[in-house]
Amino acid sequence: MTEQEIEEALIQKLGDLKYSYRPDIHDRAALEANFRHHFEALNHVSLSDSEFARLLESIVTPDVYAASRILRERNHFERDDGTALHYTLVNIKDWCKNTFEVIHQLRINTDYSHHRYDVMLLINGVPVVQIELKTLQISPRRAIQQIVEYKHDPGNGYAKTLLCFLQLFIVSNRSDTWYFANNNSRHFAFNAEERFLPLYQFAREDNSKITHLDDFADAFLAKCTLGEMISRYMVLVASEQKLLMMRPYQIYAVKAIVDCIHQHRGNGYIWHTTGSGKTLTSFKASTLLKDNPDIDKCLFVVDRKDLDRQTRDEFNRFQEKCVEANTHTGTLVNRLLSDDYADKVIVTTIQKLGLALDGNHRYHYKEKLEPLRHKRMVFIFDECHRSQFGENHQAIKEFFPNAQLFGFTGTPIFEQNANYQQIEGEQASYRTTADIFQQQLHAYTITHAIDDLNVLRFHVDYYKPEGKQAPKPGEALAKRAIVEAILSKHDAATAGRKFNALLATASIVDAIEYHSLFEIMQAEKQAENPDYQPLNIACVFSPPPEGNQDVLQIQEDLPQEKADNAQDPDRKKAALQAIMATYNHRYGTSHRIGEFDLYYQDVQKRIKDQQYPNTDLPHAQKIDITIVVDMLLTGFDSAYLNTLYVDKNLKYHGLIQAFSRTNRVLNDTKPYGNILDFRQQQGAVDTAISLFSGQSGEQAKKIWLVDKAPVVIDRLQSALGQLDTFLQSQGLPAAPEAVPQLQGDAARCQFIQCFKEVQRCKTQLDQYTDLTPEEREFIEQMVPPETLQGFRGVYLDTAQRLREQRAQNREQTSPEVEQLDFEFVLFASAVIDYDYIMTLISRYTNPTPGKQTMNREALVGLILSDAQFLDDREEITAYIDTLKAGKGLDESAIREGFEHFKKQKQQQRIQEIAQVHGLEAQALQDFMAQTLSRMIFDGEQLSELLAPLQLGWKARTQKETALMQDLIPLLHKQAQGREISGLEAYEQ
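About the thresholds
- Residues numbered from 1 in each chain as written.
- Predicted model: local features only at pLDDT ≥ 70, side-chain atom pairs only at ≥ 80, totals over all residues.
- Heavy atoms only, no water.
- Pairing = 2+ DSSP bridges.
- Helix = DSSP H or I, 4+ residues; strand = E, 2+ residues; numbered from the N terminus.
- Axes fitted to C-alpha atoms, helices over the stretch in contact; angles between N-to-C directions.
- Core = buried A, V, L, I, M, F, W, Y, C linked by side-chain atoms within 4.5 Å.
- Buried < 20%, exposed > 50% of the residue type's maximum accessible area, 1.4 Å probe, protein only.
- Contact = heavy atoms within 4.5 Å.
- Patch = residues over 30% accessible without salt bridge, like charges linked within 9 Å, V, L, I, M, F, W, Y side chains within 5 Å.
- Areas by Shrake-Rupley, 256 points an atom, 1.4 Å probe, with all protein chains shown as cover.
- Salt bridge = Lys/Arg side-chain N within 4 Å of Asp/Glu carboxyl O.
- Lys, Arg positive; Asp, Glu negative; His and termini not counted.
- Charge placed at Lys NZ, Arg CZ, Asp CG, Glu CD.
- Parallel < 35°, antiparallel > 145°, perpendicular 65-115°, else oblique.
- Nonpolar A, V, L, I, M, F, W, Y, C, P; charged D, E, K, R; others polar.
- Polar contact = N/O pair within 3.5 Å; in protein donor to acceptor, adjacent residues only side chain to side chain.
- Phe/Tyr/Trp six-rings, centres within 6.5 Å; stacked < 30°, edge-to-face > 60°.
- Lys NZ or Arg CZ within 6 Å of the ring centre and 35° of its normal.
- Bend = angle between axes of the 7 residues up to and from the residue.

### A few points about the sheet that holds strand E14 (residues 297–302)
With respect to topology, six strands assemble into an open sheet ordered E15-E14-E16-E17-E13-E18, the strand pairing being parallel. Where the open sheet ends on each side, the last strands, each with one partner, are strand E15 (345–349) and strand E18 (440–444). Shown here is a sheet whose adjacent strand axes are inclined to one another by a mean of 15°, direction ignored. Sheet topology places strand E13 (residues 268–272) next to E18; four bridges connect them, and they run parallel. If you follow tyrosine 269 over to E18, its bridge partner there is glutamine 440.

What follows is the structure in structure tokens.
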């Protein structure tokens, strides 16, 4: 089908769903006239032309978050006679009662934008959904990029017209349909490092996908359903000023809880896998219950102080001040007894709840709570099989006979794993999740999440030491051999230290020994090789509690650490103090064992902060490996943690929880979660996969585990063959230096597609820790490192030029370039950072006798092949050209020289811009310096800068836009990844 045929079929489908088709609305004037008609009817008012013009001026905003609030709230406006008009844009009480219309081929002409939009859905005349359609040959991802590019055009219709109210974008090639929320620029970009643009496919309650456009329209675009999606299942995140769309499984879980309460059908649990966003689901369930008059109180119960703080922060992130801190059990009791609407939803810990219901407590809290005994209470448990749950469950049921209890879990307790607890050599019995919560309300397993690309698959390497008989399952190897293996494999496993790792040990004594061994063995390596870069090793385990309530609370879910600390506590405490002293020395901190929680938080923050560019957080401030016993193996999330080294016996839910620390999605540089198991636990892994997959054994393993190395090697060979065949078909040799000779955009685009597949396979293989020497040698013969580096360089150069060409001249862009999906993320290395390059340049100018020195070509090749130097590559290579080999400059002189060189280049560029736009160079220099010193872009100062030109408002607006087109890239470059507040208004 052609694009036009797809569009006509969709309009017909929407007509079947009782949308009013409005072929008469095809420009801005008709759109605004239609909006006025609906606005006046809804608010029972007749506006004068001047009032309507002022109304539009007051509601149209480039700020998507502000527009979204206006759409959902009652607003007021002053009429010509001075009276206040209180209005809504749509019927916010009952979204089903709005009018729903469909328009197509709308062309919005603003000052600098003439975009045409395929299909739009209007609610009460307000455009809320844009549908972008493509033919089957074109990837929907390209349609998504097109929307992103349109939104970033200066003067675009999204910022200056009623299109500012768009909530959702839908893209489809009829067989494949995706949707995503609108947002401001900083949350609306294909920023590969942060994945700012979450994409969704709709699904049925059993998680099967609804991808065909007709089926999607039936399930998602039915009038009441769409109204519900926008009004109930989008979340406005106040702290980040952004819109979040709930995923289908989150929506089904919330509906299941709400229905269960409405029908008074007892208790229930939600099985949503680790990493699937349980906090957002529970937040939405809680807020919907807040408006339910049948419910007296809703308690969201977490297990431990750090989870309490984390969950409270998350809830308040979704809605400012919606949850207050409960610092004491007395505060919890007072809030339970309060009639204040703000106290209807409470986040608390299971420990405080247990104290409140303890009949022997000295403050007699239980007696004070007597008035609540027969109220309708709802308890939602964050992890419904934590260690303390069983004893508290009975107390809650006895005291609140009308209570309904709901639990979230990523790893339910079944009959098979009901007697497993993570203490070496000990067992403790759990009741199953179904025993406690009666019924499963919704399931979204890790199998579903992997299939949806919400979490990653796993690569599991069962390490076998060379030259000796394979150890038995569960048998421990010598620690020194394990440390040696980790040091040899860590750079490969973590993509050159781009990511970090946990080492899970069997006991506190083992953790202490490992920490010491890493120090000793890395010192030995440095003595052998002064260039060896040691890994930053941290270690965290809970101290002996010694009556400290915070530590006692933490240890309730750390069975191994609790048991270990009962034996020889003084030795454990002294060892932890020494570990913290090493940590303080390395990172310049001053943590004390008496404030252990602050140390624990700092370790977590450094693991998560791996993402900052090294200009903000150099490698010395990061952690490469964190040695743990129980801590961080449950409930901790970081997209930059990709590897788990295992030297402890794991089973069932304990194994799944630990493995799941590694599989948070980031981008294509993180293809899977890496597990290096030193205990030969393949049987335990297979059992756990079978138990928690919701599918039978072998099929589940295919979904959960990545392909073995030989399969990916074959794929790499095939991709290289296709690249060679393509280059030869163009009459060129299969070599990097031939690529610049490609003729025409179609050929250049074809090269980009071919090479991306080569790089994707190579990235995956680079992180395999179980490649044999023969496999490594075969890969290197297939694609020698210097050849791969050469291809990366010409890929980046070609892609950058085509991207700039598309941005500058979209109207004349060839279809091949228009459809191209650029990805630079696959080519950035964490090891080859700015510091590393400066060191190499220093060696180039000052060769050490007896050591091989990098020549200019090799240095430049390295810089050209790495995506992170894309903005600086010309300057760095130009600077290298000014230096002479053997000149003898040290590293500080090199850095100083480069900063001076860069400053000169920037000043030269500022002078060029000033000359083009008729401005004083010094005034422009001062304006740039002030903006960068405050990291705030001030529109008034921009007006002052242009004031000497004495332009009329229209000419000044045009001059501002033209100037900003030149300034924005320069500002971004000098800001080095930091956000300049206020600049987004000019980027839109």
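### Some thoughts on the nonpolar core
Of all hydrophobic cores here, the largest spans 109 residues; its most connected members are Phe35, Leu89, Leu121, Phe165, Phe220, Leu221 and Leu226. A total of nine residues in this core trace back to one element, the largest contributor, which is helix H9 (residues 248–262). Once residues lying within four places of it in the same chain are set aside, the contact partners of leucine 226 are Tyr19, Leu121, Ile123, Val129, Leu168, Phe220 and Leu221. Grouped together as the second largest cluster of nonpolar side chains are 107 residues, Cys384, Ala403, Leu405 and Ile579 included.

### Some thoughts on the side chain of histidine 38
Mapped onto the elements, histidine 38 comes out in helix H2 (residues 28–43). Other than its neighbours up to four places away in sequence, histidine 38 contacts Thr99, Glu101, Asn124 and Gly125.

### Here's the deal with a negative patch on the surface
Negative charge collects at one region of the surface, where Glu774, Glu777, Glu780 and Glu786 lie side by side. If one sorts the elements of the negative patch by residue count, helix H29 (residues 773–782) sits on top with three residues. Inspection of the secondary structure puts glutamate 777 in helix H29.

### A few points about the pattern of salt bridges
Side chains that carry opposite charge are capable of pairing whenever their charged atoms lie near each other. Tallied over the full model, the rule gives 36 salt bridges. The salt bridge partner of arginine 174 is aspartate 214, with a shortest N-O separation of 3.2 Å. Remark: aspartate 214 occurs in helix H7 (residues 213–220) and arginine 174 occurs in the loop between strand E7 (168–172) and strand E8 (177–181); sequence separation between them is 40 residues. Exposure remark for arginine 174: the relative accessible area of 16% places this residue in the buried category. Measuring nitrogen to oxygen at the nearest pair gives 3.4 Å for the salt bridge that ties lysine 525 to glutamate 484.

### Points about the packing of H2 against helix H3 (residues 49–59)
When two helices pack together, their arrangement is given by the angle between the helix axes and by the axis-to-axis distance. Where H2 contacts H3, the axes come no closer than 12 Å and their chain directions differ by 100°. Considered as vectors, H2 and H3 are oriented roughly perpendicular to each other. Of the residues in H3, those in contact with Glu32, Phe35, Arg36 and Phe39 of H2 are Asp49, Phe52, Leu55, Leu56 and Ile59. When the residues that make up the contact of H2 with H3 are grouped by side-chain class, the tally is six nonpolar, no polar and three charged.

### Comments concerning the packing of helix H37 (residues 939–946) against helix H38 (residues 953–975)
As a packed pair, H37 and H38 sit with axes 11 Å apart at the nearest point and diverge in direction by 105°. By the criterion of interaxial angle, the relationship of H37 to H38 is roughly perpendicular. Note on element contacts: H38 touches H37 through Arg956, Lys959, Glu960, Leu963 and Met964, opposite Leu942, Ser943, Leu945 and Leu946. Looking at side-chain class alone, the contact of H37 with H38 contains five nonpolar, one polar and three charged residues.

### Here's the deal with the sheet that holds strand E23 (residues 641–647)
The strand order across the open sheet formed by six strands is E19-E24-E23-E20-E22-E21, and the pairing between neighbours is parallel. At either margin of the open sheet sits one strand with a lone partner, and together these are strand E19 (458–462) and strand E21 (537–540). Neighbour-to-neighbour, the strand axes of this sheet turn through a mean angle of 20°, independent of strand direction. Helix H24 (residues 652–659) rests against E19, E23 and strand E24 (673–677) of the sheet, and its axis sits at about 140° to E23.

### Description of the side chain of asparagine 454
If you trace the backbone, asparagine 454 turns up in the loop between helix H17 (446–451) and E19. Look at asparagine 454 and you get buried, because its relative accessible area is 15%. Polar side-chain contacts of asparagine 454 include one of 3.2 Å to the side chain of arginine 247. Within the structure, asparagine 454 has its side chain in polar contact with the side chain of tyrosine 444 (distance 2.8 Å). Beyond its immediate chain neighbours, meaning those up to four positions away, asparagine 454 contacts Arg247, Tyr249, Gly275, Tyr444, Ala449 and Val665.

### Overview of the environment of proline 948
Tracing the sequence through the fold places proline 948 in the loop between H37 and H38. Placed 30 residues apart in sequence, proline 948 and glycine 918 show a C-alpha to C-alpha distance of 9.6 Å.

### Re the pairing of strand E2 (residues 75–78)
Side-chain alternation along E2 places Asn75 and Phe77 on a buried face and His76 and Glu78 on a face that remains uncovered. Sheet topology note: the E2/strand E3 (residues 84–87) ladder contains four bridges and is antiparallel. Looking across to E3, one finds that asparagine 75 is bridged to tyrosine 87. Connecting E2 to the next strand, E3, in antiparallel fashion are five residues, including glycine 82 with a positive phi near 90°.

### Observations concerning the packing of aromatic side chains
This model, assessed by the stated rule, comprises 37 aromatic pairs. Through a chain of ring-to-ring contacts, the aromatic side chains of Tyr179, Tyr200, Phe202, Phe216 and Phe220 assemble into a single cluster. One Lys or Arg, lysine 151, reaches over the ring of tyrosine 158 and ends 5.5 Å from the middle of that ring. We note lysine 290 situated over the ring of tyrosine 341; from NZ or CZ to the ring centre the distance is 5.1 Å.

### A closer look at H38
Helical geometry: 3.6 residues make up each α-helical turn, so side chains three or four residues apart lie on a common side. Considering bend angle alone, the principal kink of H38 is centred on leucine 967 and spans about 35°; proline proline 969 follows within four residues of it. Listing the buried residues of H38 in full gives Glu960, Leu963, Met964, Leu967, Ile968, Leu970, Leu971 and Ala975.

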